[in-house]
Each structure stands twice: as structure tokens, then as C-alpha cells.
Amino acid sequence: MCGIVGYIGYNDSKEILLKGLEKLEYRGYDSAGIAVINNDGVQIFKEKGRIADLREAVDPKVEAQTGIGHTRWATHGVPSRTNSHPHQSASERFTLVHNGVIENYDILKREYLQNVEMKSETDTEVIVQLVELFANEGLQVEDAFRKTLTLLHGSYALALIDEQDKETIYVAKNKSPLLVGLGFGFNVVASDAMAMLQVTDKYVELMDKEMVIVKKEEVTIKNLDGEVINREPYTAELDASDIEKGTYPHYMLKEIDEQPAVMRKIIQNYQDENGELEIDSDIVTAMNDADRIYIIAAGTSYHAGLVGKQFIERMAQIPVEVHISSEFGYNMPLLSKKPLFIFISQSGETADSRQVLVQVKEMGHKSLTITNVPGSTLSREADHTMLLYAGPEIAVASTKAYTAQLAVLAILAEVTAKSRAMEVPFNLVQELGIVANAMEVLRDSKEDFEMIAHEYLSTTRNCFFIGRGIDFYVGLEGALKLKEISYIQAEGFAGGELKHGTIALIEEGTPVIALATQKFVNLSIRGNVKEVVARGANPCIISMDGLNMEDDRFVIPEVHELLTPLISVVPVQLISYYAALHRDCDVDKPRNLAKSVTVE
Ligand code: F6R
């Protein structure tokens, strides 16, 4: 979702801003812009579409050592050049970029800005107009900025420049992520560290309702009462090569291929010196103290949560509920007496999940975040964190983060079970090693999945994924993967549920991808396949070695039946990838989607 960059230093800022925005492309956006300031004043370049279009539009002759940039994912107002950021105040003195949503923008407009003609349909414009209003009333810019912040309801990450002062960027944050990066003779602003890794790996975290005065040689953080806050910087442990595509045509394919290595990295990171799995003992205590676990997540992470419930219930025998975060906050179920909340989030920034975390913290409940991003909002704000160690995931469609979430949930379940002296059905270290090897076999079978995608999905309008038990949850993930990148209407169904209505949609040739990795339902899922075949469906059965039957389209290597989602998801990831490729879709940046969903 929207991304912000800013640079103030001694070098020309244009290229640094554009490169930063390119690194933020993965978050999803529909327009982009930069504003730079030099002795000739402020110059704005913005375009609907890709950063490549913006690059074309930027005048290479303009040199400026201070600038801000933005990728926009439309919320208020259609994607257009006019609505894209940066936005300017009426006199064009102030220029602003903003992530987030200002909920009371209409009220503020009516109350303070009746005489100001708005140029865009955005909520953002209200902010920059208010700063100008208060500056015109005689406030210093810093005070005008602060006064504006105190009036805003909603989420924001902001960077503001003043045409009369090219030595300062004013920055503020509430709910939306924002970091300040430190350099020698320059400082930067970025929605995430990846964007500015090109110039620095030292960052300072910002907390909600803080503002920052960023100059070339100095960064001052203040709260909204104007008090200075001292905070130590940290080093972002990211390798610049982790965020390059290398020889791969797409990040998604690279990230699918990285899954075996991610499994091994997770094992390493959660092993003690004796090779036993180990997690923070406070987390084990929190698990054991809980009478019920509530998993809160969205999208793919929610699908990982559904599998995680099986791991925790079957191994550690603690009851688990799994909830979609955007629903939970407004429709909270009756909670148990001693709940533990587990937030699963690749980005650690999902606003829907965060609003639940804020609520349950207020209620005094304990929380654990499982995330790929150390220092992310959900990680900082929860009591405990378990990291995924998957490395940066750039493709919008989540792949390696999903399998990493499953592996970490399995570890959490196993270690908890052992602490409760419960019998665990396997040696998880060994089993995850088998999973990594099996993933490698699938990685080397790409032609098969390309063929399946071509055969089943090149012309279809829709597709069904069916499974029973744990396979059903992988079917949900398969359908999400396929629809988000290939735009084929896809649904995941419990095999037995289809006949209760949805089977009406099966026509001659409708592809039905069936997963058969569970012994106890092997015959019944095959019965469900027969039901759809009798109505004309084109079935594609993906089974597990040992359960396979004649005519199965692909047989995945055998792994422990509780861990099959880690393996059976790989074929559906690859089939979705090739289906999108055949349809000429933008695999890594599907339309309308954002990687880091920072609005509710
Ligand atoms: C789909 C996908 C999304 C995310 C969802 C939650 O491929 O990536 O469904 O899973 O937006 O994001 P996180 O995990 O960052 O909270």
C-alpha cells in the first residue's frame, strides 16, 4: 500500500527518491510522484501508473538536494494524476505526501477550509491546506504542523516540505509505518528500510503521534506536546541482494524457489545447541497459561492460521479459534477467561490486525505476533514475537511467508506440547528437513505445473479447489493465489460442501483442482471428484505418494500427514504463477492489490 520516501543531504535527491520508490513498488500502488526543492522553488513530477512512467516524466536537468516521494494506492478519489501525491497548499508554499486515511477530513474541511478551493478528491489535501492556514495565521511552520496533527483522526505517515526552507523535512506518524534513516551528511525518510537500504542501514523507529524535524545533519523527534524524545537507532539486518530478482523473471518464482532454504533457516534459528527446537520460554509460558488461543490474521496469513489451529490443537491440545482480523474488531466473540492472541502477519503492518491488537491490549490480554519483519508495528506492540526468517517477500502474492508461517506455527505447537509432556507424533526437526527436500522435488517439476496451468486454466473463467480436512485450507489458499494474480474467479471449498449449492456452477470443462493428501478422507474426496466429473468438470487431482490412484495428475512426495500443507501448497503456487503468466498478467504486482495493507 502507499509508500513514502524522503531525502535531505548534499547529493541530488531525484535518483535516490526514484530508486526508493522502486523498492516500495512491491507494496502495491497505482500512481507515484516526487517533489524536490532547490533555489528555484518546489518542482513536482507525478504520474498515474508505474514508477517507470514517473521516471520518464522527471526532468533530468533539475537538481535538488531535498525531496519527498510517494506511491499511492487509491482510497479517497480515483487513481489519477490529480489525486496522486505530492499535494500542495493553495499558495503552493507547502508540499506533502501522506499514507493512511484521515477519517475526519470532511469535518475539517467544513470547519476550517470553507474558503479554500480543493484541487483533488483526496483526504490528504486537507492536511497540507491546514498547515498553510495555521502558518498564515502566524504560527511557525513546526507549530502549524503540530497543530494540524492534533486535529487529525485516523492513520497517517507524513512528509512535508516548505518552499521557504529547503533545509527541513517535517515528518509525522500515527498508525501507518514510517522510519527515519540516518547517514553522514544526509538523512532519509522511508515507509520501510528496504527503500533506503541503498544509502543507509541505520534507522530510528517512530512511534504513533510523534513528529520529526529532519535536517541534513540532525534529526529531532518530538511528541505532540513538543517534548524532545531520544531514541537509539538500530541496524536493519537486510542484505541488499535479498531484495534483488537475480536471474528470475519474477520475484514470485524466486520466492517459491526459496522455500526449501527458508525451511532450513527456520530450523537453524529455532534450534538450541543440542539440536532441540527451542522458543522463548515466556512464549511457552503464555501458551500454557492460556485457556484458549485466538488467531487473528488476514488473507494468506489467515489461511496459515487455519492450519496452525490444527497444529496447536492436535499437538498441544489447547483450543484455538481463528478469526479474520477485519471482522474480529467489530464483531468480537465471547472471549474465554485467559485468552492468548496470536497475530499472524507477513508484513507486521496490516491495519486490520493492528486495530484488534490495540483493542485486546486495552482489555489487558496477552499477545504474540508471528511476522517476517522484525521491528514491524505488530511485532513492537505485541508482548512477544516469533520471526519467520523468510527474508524479504517482494511479490504481492505471498508464498514463502505462508510456508514459513506454517513451519513456525508447527514449532510453536511442538515446543508447547513438549512442555506439557504431551506426546508429539514426530521429530519435527527431521520432518521439516523432509519437507525441505520434498519442496526441492516440486521446485524441479515446474514443467508439470506449467503444463497443468496451460491445460486447465488458459481459457477458463473460473476454477474450484477442493479438499477435506487440512487440504481444504490449502484449497482456500490455492484459490486466493490463483485469483489474485491471474484474475480467474476461483473458490476453495470443503469437498463435501460443494453439493450443498455451489455444484450448480460446474459446467462442461470447469477445472476442479482436488487435493488428496489425507488418508482418512482419501476415498471421500475422490467421491466428491466423481460428483463434479459427473457434471462435466475437468478434474486435476494432486495426491500424496502412498495415497495416489490411477489418473491423478500429480503426486507430491510423502511427508507427515499433519505437515502436508507445507508441500501441497507448492503445486498450487506454481500452477497459479503459470496461469497468470499465460494470461499475460503482471505476476508480481497484480491489479488493485497492495503488499502491505496499512488501511482498515
Ligand atoms: C495474498 C496475501 C495477502 C496477505 C494479507 C495479510 O497473497 O499476501 O492476502 O496475506 O494482506 O497480510 P500480512 O500477512 O502482511 O498481514
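I will try to describe carefully the structure that is included in this document. (Residues numbered from 1 in each chain as written. Predicted model: local features only at pLDDT ≥ 70, side-chain atom pairs only at ≥ 80, totals over all residues. Heavy atoms only, no water.)

1. A closer look at the site of the ligand
Stated formally: Nearness is judged by heavy atoms alone; a residue qualifies as near a molecule or strand once a single heavy atom is within 4 Å of it. Here a polar contact means two N or O atoms within 3.5 Å. Within protein one must be a hydrogen donor candidate and the other an acceptor candidate, and residues neighboring in sequence count only if both atoms are side-chain atoms. Only the protein chains shown count as cover for residues, and all accessible areas are computed by the Shrake-Rupley method using a 1.4 Å probe. Helix and strand definitions follow DSSP, with helices as H or I runs of at least four residues and strands as E runs of at least two, each counted in order from the N terminus. When residue character is reported, Ala, Val, Leu, Ile, Met, Phe, Trp, Tyr, Cys and Pro are called nonpolar, Asp, Glu, Lys and Arg charged, and the others, Gly included, polar.
Around the ligand, the surrounding shell holds 15 residues, and the nearest of these are S301, S345, S347, T350 and E484. Separating an oxygen atom of the ligand from a backbone N or O atom of S398 is a distance of 2.8 Å. Separating an oxygen atom of the ligand from a side-chain N or O atom of E484 is a distance of 2.6 Å. Protein burial of the ligand: of its 400 Å² of free accessible surface, 90% is covered by the chains. Of all elements in the fold, only α10 (299–316) and α17 (470–486) reach the threshold of two or more residues within the shell around the ligand. Grouping the amino acids of the shell around the ligand by side-chain chemistry returns five nonpolar, eight polar and two charged.

2. What to know about helix α18 (residues 522–533)
Stated precisely, the cut-off is as follows: An expected span of 1.5 Å times one less than the residue number is assigned to each helix. Each residue gets one of three labels from its accessible area relative to the maximum for its type: buried under 20%, exposed over 50%, partly exposed in between, using a 1.4 Å probe on protein chains only. In this context, the arc is that of the directions from the helix axis out to the C-beta atoms. Only heavy atoms matter for contacts: two residues are in contact if any of them lie within 4.5 Å across the pair.
With 12 residues, α18 ought to run about 16 Å at 1.5 Å a step, and its terminal C-alpha atoms sit 17 Å apart, in line with that. Taken as a whole, α18 has its buried residues at N522, I525, R526, N528, V529 and V532. Viewed along the axis of α18, the buried residues span an arc of 150°, placing them on a single side of the element. In this structure, α18 carries L523 and K530 as exposed residues pointing more than 90 degrees from its buried face. For α18, the elements touching its buried residues are β21 (462–467), β23 (511–516) and β24 (538–544).

3. Describing the packing of helix α8 (residues 259–269) against helix α15 (residues 428–443)
Filter applied, for reference: Axis lines are fitted through C-alpha atoms, for helices just across the contact stretch, and the angle between N-to-C directions can take any value from 0 to 180 degrees. Relative orientations are named as follows: roughly parallel for angles under 35 degrees, roughly antiparallel for angles over 145 degrees, roughly perpendicular for angles from 65 to 115 degrees, and oblique for any other angle. Helix crossings get a hand from a simple test, with the near helix turned counterclockwise from the far one by less than a right angle marking a left-handed crossing and a clockwise turn marking a right-handed one.
At their nearest, the axes of α8 and α15 sit 8 Å apart, and the two run at 165° to each other. Overall, the two elements α8 and α15 adopt an arrangement that is roughly antiparallel. Seen from above, α8 lies across α15 with left-handed handedness. On α15, the residues touching Q259, P260, M263, R264 and I267 of α8 are V429, L432, G433, V435, A436, N437, M439, E440 and R443.

4. Describing the side chain of T399
As for its position among the elements, T399 is in the loop between β20 (384–387) and α14 (400–419). Apart from the residues lying within four places of it in its own chain, the contact partners of T399 are M252, E255, I256, Q259, E393, K481 and Q573.

5. Here's the deal with the pattern of salt bridges
For clarity, the cut-off: Counted as salt bridges are all cases of a side-chain nitrogen of Lys or Arg within 4 Å of a carboxyl oxygen of Asp or Glu.
Across all of its chains, the model carries 34 salt bridges by this definition. The shortest N-O distance in the salt bridge between D12 and K14 comes to 2.8 Å. Take K14: its relative accessible area is 8%, and that puts it in the buried class. Among the salt bridges present, the one from R110 reaches D106, with a minimum N-O distance of 3.9 Å.

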